[in-house]
Amino acid sequence: MELGFAPAEGTKGDSCRGVAMNAIVVLCHFCELHGPRTLFCTEVLHSPLPQGAGSGDSPGQSEQAEEEEGGIQMSSRIRSHSPAEGASADSSSPGPKKSDMCEGCRSLPAGHPGYVSHDKETSIKYVSHQHPNHPQLFSIVRQACVRSLSCEVCPGREGPIFFGDEQHGFVFSHTFFIKDSLARGFQRWYSVIAIMMDRIYLINSWPFLLGKVRGIIDELQGKALKVFEAEQYGCPQRAQRMNTAFTPFLHQRNGNAARSLTSLTNDENLWACLHTSFAWLLKACGSRLTEKLLEGAPTEDTLVQMEKLADLEEESEGWDNSEEEEGKAPSQGDAQESRELVKSPTDSSLTLDCSNWNMAPRNQGFRSLRHLRQVLGPSAFRMLAWHVLMGNQVIWKARDADLVQSAFDVLRTMLPIGCVRIIPYSDKYEEAYRCNFLGLAPHVQIPPHILSSEFTVLVEVRTATRSSLYPVLFDDEQPLSKYEFVVTSGSPVAADRVGPTILNKIEAALTNQNLSVDVVDQCLVCLKEEWMNKVKVLFKFTKVDSRPKEDTQKLLSILGAAEEDNVKLLKFWMTGLSKTYKSHLMSTVRSPTSSESRN
């Protein structure tokens, strides 16, 4: 993702190396005398520091500290300059002149170069000043500051809002009030804004930014409230103002119209803490979202995986929001329980990458489909694979839950992701509509009508009566030699049955010893994409266009899928189509242009 802003002095303007978010985080203030002003900003740099932010070190004038914030270890350095250096830096800065600033408009004292943090993992620097040094970046930040504290506000004037354009960047803004016993209305107006050029990235970061920025604001408001209550207790301003109601308001405050944020919060280390918080925010927000290069159009598996991950995120946020609405902070046990509810056994595997599904992560289980076929035998494997491809329920009964999980990990590679519903291990039988892969403990009773059903296949893992039931080819296969695998079904597949075309091609690839396991995995990907394309054609032909059965039969013949098993497979795989593809088809059919072209 390219850095959208003009590079600060001393930088090369290159793209972001590492995981820092290409944005600038700013604290803004609405001064009653000077209007909207920038108080403090933190930006990301990859090269030498900008002018005035890293020069002039001398012994005894620098202070180094190692600190770890939120799992990020950074080396922080606070540099001090001589007054002459500070004056020269101020003269070249694009910021407002000293005469146009009051205590409320100023954060760092004159001559203070700002704060710098070094991320050791990525060699990225996080630099904080009152204003950006680069004139173009200063103009962008200034405009966002004015808009966030004037026209771009949410109802109630306190809360988050999004605005911006391609030219001046996109802005996440959260306005809030800070208590001040000497201010008009006993409060002052501030905002925290995050500016970047990537609109999609910023919108996707909205939930994360909202939660973290809200935490920073709550801490500031809490500190200011304590100071406000102490001042009101010592000298109540409301009664004093009532007694001097006819005195001009600005004159009665004796020059205290503007107070610095450090004074309002009674925190001398406020700017150093804000620098740490803003730097962590840029680092963490960049780490949570990563970009992947996709060659060509995304596959259905990729689309379905993205949709399921999005559903998990929404479900997780729903739990968090429900806890906040109840008005209580969840305990550590409650938070852990909610995470376990969101990541239930059925959906826990959704966060895995597609490429990792082709191999079991455990050494003592099944490593690949070829390995599974060697252990079960050709006939038992064909029966099991036929039921998997047809969408029937596959039940494994075993004491070893890891062994069952490894079997499911390799069997699921034959199906599109959208067709996979797994309950890895359960103490009770689950209906077929809930899962098509079910792992059970040996003592679990299965209903008789399920055992005799033609839509179910059962694999029982028993202790072997002999030392080895199949030839042990490698040492790491030795643990499986102590098991006996019995595959039964109410509808056994006849040996002379043709079966679905894809099953025959899978078996041909598995029996071809010239093909490595990795090559077989790529064959599976290609076969699934080939048949998913046929599923898409059939879905549009029957569900969207509503063609008659005669035309459907002709289409199946053209697709080479007129056999009964192939038709069943296509109908089952149709349930694995992504919502994105289905909604795209429906929107295309309903659009006026498509109707005109069809006529």
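Small disclaimer: the values here were computed from a predicted structure and weren't measured. (Residues numbered from 1 in each chain as written. Predicted model: local features only at pLDDT ≥ 70, side-chain atom pairs only at ≥ 80, totals over all residues. Heavy atoms only, no water.)

*Asks:* Tell me about the packing of helix H16 (residues 517-544) against helix H17 (residues 549-559), residues and numbers included.
*Replies:* If you want to describe how two helices pack, look at the angle between their axes and the distance between the axes. At a closest axis distance of 11 Å, the pairing of H16 and H17 adopts a crossing angle of 165°. Between H16 and H17, the angle falls in the class roughly antiparallel. Every pair of crossing elements has a handedness; the one defined by H16 and H17 is right-handed. Here Lys 534, Val 537, Leu 538, Phe 541 and Thr 542 of H16 lie close against H17, whose contacting residues are Asp 551, Thr 552, Leu 555, Leu 556 and Leu 559. Partitioning the contact of H16 with H17 into residue classes produces six nonpolar, two polar and two charged. (Axes fitted to C-alpha atoms, helices over the stretch in contact; angles between N-to-C directions. Helix = DSSP H or I, 4+ residues; strand = E, 2+ residues; numbered from the N terminus. Parallel < 35°, antiparallel > 145°, perpendicular 65-115°, else oblique. Left-handed = near helix turned anticlockwise from the far one by under 90°. Contact = heavy atoms within 4.5 Å. Nonpolar A, V, L, I, M, F, W, Y, C, P; charged D, E, K, R; others polar.)

*Asks:* So what's going on with the nonpolar core? Residues and values would help.
*Replies:* Within the largest apolar cluster, 63 residues are counted, with the highest numbers of intra-cluster contacts made by Phe 366, Leu 372, Trp 396, Phe 485 and Trp 573. Counting residues per element, this core draws most heavily on H16, which supplies 10 residues. With sequence-adjacent residues up to four places away left out, Trp 573 is seen in contact with Leu 389, Met 414, Leu 415, Pro 416, Cys 419, Ile 502, Lys 528, Trp 531, Met 532 and Val 535. Grouped together as the second largest cluster of nonpolar side chains are 40 residues, Val 25, Phe 170, Met 196 and Ile 216 included. (Core = buried A, V, L, I, M, F, W, Y, C linked by side-chain atoms within 4.5 Å. Buried < 20%, exposed > 50% of the residue type's maximum accessible area, 1.4 Å probe, protein only.)

*Asks:* Got a sec to walk through the packing of aromatic side chains? Specific residues and values, please.
*Replies:* Applying the stated criterion to the full structure yields 14 aromatic pairs. What links up through ring pairs into an aromatic cluster is the set Phe 40, Tyr 115, Trp 271 and Phe 278. Here the guanidinium or amino end of Lys 534 rests over the ring plane of Trp 531, the centre of that ring lying 4.0 Å away. Seen from the ring of Tyr 581, Lys 536 lies directly overhead, with NZ or CZ sitting 5.2 Å from the centre. (Phe/Tyr/Trp six-rings, centres within 6.5 Å; stacked < 30°, edge-to-face > 60°. Lys NZ or Arg CZ within 6 Å of the ring centre and 35° of its normal.)

*Asks:* Which residues make up the pattern of salt bridges, and what values do they have?
*Replies:* When charged atoms on two side chains of opposite charge get close, those side chains can pair. Per the stated rule, a full pass over the model turns up 17 salt bridges. Put simply, Arg 214 and Asp 218 hold a salt bridge, and the shortest N to O gap is 2.8 Å. Placement of the pair is Arg 214 and Asp 218 together in helix H4 (residues 206-234), with a separation of four residues, close to one helical turn. For Arg 214, a relative accessible area of 26% translates into the label partly exposed. The shortest N-O distance in the salt bridge between Asp 301 and Lys 528 comes to 3.6 Å. In this pair, Asp 301 is assigned in helix H9 (residues 300-325) and Lys 528 in helix H16, connecting sequence segments 227 residues apart. Residues Asp 301 and Lys 528 agree in their burial class; the two are buried. The network of salt bridges with shared partners includes Asp 180, Arg 188, Glu 231 and Arg 259. (Salt bridge = Lys/Arg side-chain N within 4 Å of Asp/Glu carboxyl O.)

*Asks:* Could you give an account of the packing of helix H15 (residues 501-511) against H16, with specific residues and numbers?
*Replies:* Put simply, H15 and H16 touch, their axes get as near as 10 Å, and they point 170° apart. By the angle between their axes, H15 is roughly antiparallel relative to H16. Where H15 crosses over H16, the handedness of that crossing is right-handed. In contact with Thr 501, Ile 502, Lys 505, Ile 506, Ala 509 and Leu 510 of H15, H16 contributes Val 520, Leu 524, Leu 527, Glu 530 and Trp 531. Residues of the contact of H15 with H16, tallied by class, amount to eight nonpolar, one polar and two charged.

*Asks:* I'd like a description of unusual backbone geometry, backed by residues and values.
*Replies:* Most peptide bonds adopt trans geometry, and most residues besides glycine take a negative phi value. One non-glycine residue, Asn 266, lies in the positive phi region at around 55°. Secondary-structure assignment places Asn 266 in the loop between helix H7 (261-265) and helix H8 (270-288). Asn 266 sits in the exposed class, given a relative accessible area of 63%.

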